[in-house]
Amino acid sequence: MFEKALKGNNYYWMWLAFLGFFVGIAVICYLRQYFYGLGLTGMSRDVSWGLYISQFTFLVGVAAGGVMLVLPYYIHNYKAFGKITILGEFLAISALLMCLMFIMADLGQPLRGLNVLLHPTPNSMLFWDMCVLWGYLLLNALCGWVILTAERKQVAPPKWIYFFVYISIPFAFSIHTVTAMLYCGLPGRHFWLSAIIAPRFLASAFAAGPALIVIMALILKRVANFDAGKQAIDKMVTIIIYAAIANMFFVGLEFFVGYYSNIPGHYHTLQYLFFGLEHHGHVYNNLVPFMWGFLILFVIGFFLICNPQTRRNNDLWLGIGCASIFLSFWLDKGIGFVLGGFVPTPLEEITEYYPTANELFITIGIWAAGFFILTILYKIAIGVEHEVEA
Amino acid sequence: MDKKRRDFLKVAGISTLAGLGGTAVVDRLVSGTHPSVANASGGHGEEHAAPKEEHAVQEAPKTGKRYGMVIDVKKFQEDPALGERISRACIQAHNIPEFPEKKDEIKWIWMTGYENAFPEKSTLYKDETTEEHQVPVLCNHCDNPPCVRACPTKATFKNKDGIVIMDFHRCIGCRFCMAACPYGMRSFNWRNPRDFITEVNRDFPSRMRGVVEKCNFCAERIGVGQKPACVEACGDTGAMVFGDLNDPESEVRKLLKENYTIQRRPSLGTHPSVFYIV
Ligand code: SF4
Ligand code: SF4
Ligand code: SF4
């Protein structure tokens, strides 16, 4: 089926070249980092995880978000999702590949990565995270491929594949739960030490993932003559709305617990993220604009996808609405959550993190690589779709 | 110790259940069935520990050693130069690089403000001690170490003598242990450290970039019967005393018996093996 990815119009090739350009820059930047060390990033002993791990965390959510299509279609037999379930599965694949690239970029000794397998350590959440991420990646690749092949031959998919489809559903939940457990089981990091982190991760994932799928479906409608169907899109938007509300509700609860209890450990990070934290006469606030961006974009996006005018009558507004929600939750989880957790440090000091240009280019390049893979996968899926229709 | 535990229980506000657990351990200690078992390994934090780990934590000390340290903060006030001496001793003994930029910093033991070391002990009007003086901080060699729990490769592990050490050749540099250590005691080699070692000690390995490191309680020295380098640097001031917490006759145990000591962030259930006389 790969031959489908090799035929495309000029825009297709230009888009791939555009992404490839950023991948190329990232490869050079990564080589620099590889030979110098992670000192080329903005991380330090106080903020020991930076953009790489925060992007990883967010993208695990995007990958898990695909289940919001798989679950209604396969469990509730919601037929309208039939055509776009594959979009969810392929999005999961490329998001997971981005996750793995971010992990590799973050390792101090990437060549020793296999040590996680050679010395399996069940008490480490990172070990389990690796297991479920690889599991989910393989499940999605298998299910997506088998179902697409069957569709191409215009036969029903083999029965055994449903077994894997069904286990992929708990796997989707588990990838983000275990990723939350990387954070919420650490003593002394008060911002992360909250039982609501896992549900909050899932909620924001189930909004951000489908939001990206809607955007993709709207773009594919214009550029690839692929219509996901009004009903499917509308249902997805409903899912996004509820999941987004749940996420904001959980964020609100964090605020209540922090500020009402007035326990410094519980509100210091929120204070730092949203208002700036005063320490020895200096106010540290470099993440404040991002967090207000998160709130403002949420309000804008939420209005656009709730208001029937913008939601149902205009693809452009709907697209902007979904993009706002996606970006908003990216700011929340892909920036604030991970970076904020390191402030204040265990020694009650504050170190602010600023990514370096090298680090930014690697980050952009990995995103570009993910979209490169996504484009190719979608090209194949839609090629098959068109072939069947023809 | 008994008093300390009860204080702790009061402070942390842990429920009656935990109180009972704590008392049970105290009773056992008092009745003398296992007089050599160090207090801090069982008791108050048990309900937070995973069952498997609890087993390990409870079993090991009965027979083996548990190295620990008692630091007399007053001695560091009397001699302000002492802090510099101990960190230099450690730097020399362990090939610790000194980088010009703070961002790359690696440190195993250093002096910090009282309130930084003990953030939960706040005061409104600080006495001179809290205001001006500094205390040394180093890895606590926790009896229930979160860094070991988090490490996905067992590159950080707890030795049977209670020392938490690292295998620099196995570490993949994921820095999960750095996020997990609630004391901020771990450092990462952000760049090649070898060019920044001022005095090379050929008896101790230098590290490569991309791995984590921290105080190892001078495992290489105590293995051959020497004191840790920082303890040795204190001379006969007695500012830092090292020994086996499971040996009732040891000097550290005597100090713990005679003095009121505190640990860093005891409410987290990590059971640090470094105690401070304040
Ligand atoms: S102080 Fe930190 S590094 Fe040392 S044993 Fe405890 S958790 Fe690990
Ligand atoms: S950085 Fe090294 S020691 Fe720390 S958790 Fe990762 S593998 Fe273990
Ligand atoms: S015990 Fe040894 S390794 Fe630890 S701080 Fe002292 S000198 Fe350094």
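Residues numbered from 1 in each chain as written. Chains lettered and ligands numbered in written order. Predicted model: local features only at pLDDT ≥ 70, side-chain atom pairs only at ≥ 80, totals over all residues. Heavy atoms only, no water.

Caption draft 1: Representation of the overall build of chain A in the model. When you go through chain A residue by residue, the secondary structure sums to 14 helices and two strands. The C-alpha atoms of chain A give 21 Å as radius of gyration, which agrees with the globular expectation for 390 residues (21 Å, within 12%). Referenced to the eigenvectors of the C-alpha coordinate spread, the extents of chain A come out at roughly 70 × 50 × 40 Å. Across the 390 residues that make up chain A, the buried fraction comes to 57%. Pairs at least 24 apart in sequence give 77% of the contacts found in chain A among residues at least 6 apart. (Helix = DSSP H or I, 4+ residues; strand = E, 2+ residues; numbered from the N terminus. Rg over C-alpha atoms; globule rule 2.2 N^0.38 Å. Buried < 20%, exposed > 50% of the residue type's maximum accessible area, 1.4 Å probe, protein only. Contact = heavy atoms within 4.5 Å.)

Caption draft 2: Structural detail: the environment of Tyr267(A). Residues and elements named next belong to chain A. Its location among the elements puts Tyr267 in helix α10 (residues 264-274). By relative accessible area, which is 19% here, Tyr267 ends up buried. Placed 195 residues apart in sequence, Tyr267 and Pro72 show a C-alpha to C-alpha distance of 38 Å. When residues no more than four places from it in sequence are discounted, the contact partners of Tyr267 are Gly258, Tyr259 and Asn262.

Caption draft 3: Region of interest: the site of ligand 1. The full set close to ligand 1 counts 13 residues, and Cys139(B), Asn140(B), Cys142(B), Cys147(B) and Cys181(B) are the nearest of them. Partitioning the shell around ligand 1 into residue classes produces nine nonpolar, two polar and two charged. (Near = heavy atom within 4 Å. Nonpolar A, V, L, I, M, F, W, Y, C, P; charged D, E, K, R; others polar.)

Caption draft 4: Main features of the nonpolar core. Ranked by size, the top nonpolar core spans 154 residues in total, and within it Trp49(A), Ile84(A), Ile175(A), Tyr183(A), Trp192(A) and Phe329(A) carry the most contacts. The leading source of residues in this core is helix α8 (residues 197-223) of chain A, at 17 residues. With 43 residues, the next largest nonpolar core counts Ala117(B), Phe118(B), Met185(B) and Val274(B) among its residues. (Core = buried A, V, L, I, M, F, W, Y, C linked by side-chain atoms within 4.5 Å.)

Caption draft 5: Quick peek at the interface of chain A and chain B. Counting from both sides, the interface comprises 42 residues of chain A and, opposite them, 49 residues of chain B. Taken over both partners, the interface formed by chain A and chain B buries close to 3,700 Å², and the fraction arising from carbon and sulfur atoms is 52%. Sorting the residues of chain A by area buried against chain B places Arg45(A), Arg112(A) and Leu347(A) first, and these three jointly supply 21% of that buried surface. For the pair chain A and chain B, the interface holds one salt bridge. At the boundary of chain A and chain B, one finds 30 residue pairs in polar contact (both at pLDDT 80 or more). Those elements that provide at least two residues to the side of chain A that touches chain B are α1 (10-36), α5 (115-118) and α6 (125-152) of chain A. Partitioning the side of chain A that touches chain B into residue classes produces 19 nonpolar, 16 polar and seven charged. (Buried area = accessible area lost by both parts, 1.4 Å probe. Salt bridge = Lys/Arg side-chain N within 4 Å of Asp/Glu carboxyl O. Polar contact = N/O pair within 3.5 Å; in protein donor to acceptor, adjacent residues only side chain to side chain.)

Caption draft 6: Seen up close, the side chain of Ser54(A). Residues and elements named next belong to chain A. On the secondary structure map, Ser54 appears in helix α2 (residues 51-65). Among the polar contacts listed, one links the side chain of Ser54 to the side chain of Gln55, at a separation of 3.4 Å. Leave out the neighbours within four places in its chain, and Ser54 touches Lys333, Gly334 and Val338.

Caption draft 7: Main features of the packing of aromatic side chains. The full count for this structure, using the stated rule, is 48 aromatic pairs over all chains. Measuring from centroid to centroid gives 5.4 Å for Phe58(A) and Phe326(A), while their planes differ by 70 degrees, and the two rings are edge-to-face. A residue pair is termed long-range when its members are at least 10 positions apart, and Phe58(A) in helix α2 and Phe326(A) in helix α13 (residues 315-340) qualify at 268 residues. Taken as a pair, Phe58(A) and Phe326(A) share a single burial class, namely buried. With a centroid separation of 6.3 Å and 75 degrees between ring planes, the pair formed by Trp108(B) and Phe204(B) is classed as edge-to-face. Linking Trp108(B) in the loop between α5 (82-94) and β2 (110-113) with Phe204(B) in the loop between β6 (187-188) and β7 (212-213), this pair joins segments that are 96 residues apart in sequence. One exposure class covers both Trp108(B) and Phe204(B), and it is buried. Through a chain of ring-to-ring contacts, three or more aromatic side chains come together here, namely Phe255(A), Tyr259(A), Tyr267(A), Phe274(A), Phe275(A), Trp292(A), Phe294(A), Phe298(A), Phe302(A) and Phe329(A). Sitting over the face of the ring of Phe226(A), Lys83(A) holds its NZ or CZ atom 5.3 Å from the ring centroid. (Phe/Tyr/Trp six-rings, centres within 6.5 Å; stacked < 30°, edge-to-face > 60°. Lys NZ or Arg CZ within 6 Å of the ring centre and 35° of its normal.)

Caption draft 8: Broad picture of the sheet that holds strand β9 (residues 261-262) of chain B. All names here are of chain B. Spatially, β8-β1-β10-β9 is the arrangement adopted by the four strands of the open sheet, whose pairing is mixed. On the outer flanks of this sheet lie β8 (240-244) and β9, each paired with one strand and no other. With five bridges joining them, strand β1 (residues 67-72) and β8 adopt antiparallel strand pairing. Residue Met69 lies in a different strand from β8, and its bridge partner there is Phe242. The sheet strands contacting helix α12 (residues 251-258) are β1, β8, β9 and β10 (274-277), and the helix crosses β8 at an angle near 115 degrees. (Pairing = 2+ DSSP bridges. Axes fitted to C-alpha atoms, helices over the stretch in contact; angles between N-to-C directions.)

Caption draft 9: Broad picture of the confidence of the model for chain B. Residues and elements named next belong to chain B. For chain B, the mean per-residue pLDDT works out to 81, and 76% of the residues sit at or above 70. When pLDDT is averaged over each helix and strand of chain B, the minimum, 38, is found for helix α2 (residues 16-31) and the maximum, 97, for β7. Low pLDDT, under 50, characterises residues 1-61; the stretch is placed with 62 contacts to residues that sit more than four places away or in other chains. Interface predicted TM-score (ipTM) for the complex: 0.91; the corresponding pTM is 0.88. (pLDDT = per-residue confidence, 0-100.)

Caption draft 10: The arrangement of the packing of α2(A) against helix α7 (residues 160-184) of chain A in detail. Residue and element names in this part refer to chain A. At a closest axis distance of 8 Å, the pairing of α2 and α7 adopts a crossing angle of 155 degrees. Taken together, α2 and α7 sit at an angle that is classed as roughly antiparallel. In the packing of α2 onto α7, the handedness of the crossing is left-handed. The residues of α7 that touch α2, namely those facing Ile53, Phe56, Thr57, Val60, Gly61, Ala63 and Ala64, are Ala172, Ile175, His176, Thr179, Leu182 and Tyr183. Here the residues of the contact of α2 with α7 sort into nine nonpolar, four polar and no charged. (Parallel < 35°, antiparallel > 145°, perpendicular 65-115°, else oblique. Left-handed = near helix turned anticlockwise from the far one by under 90°.)

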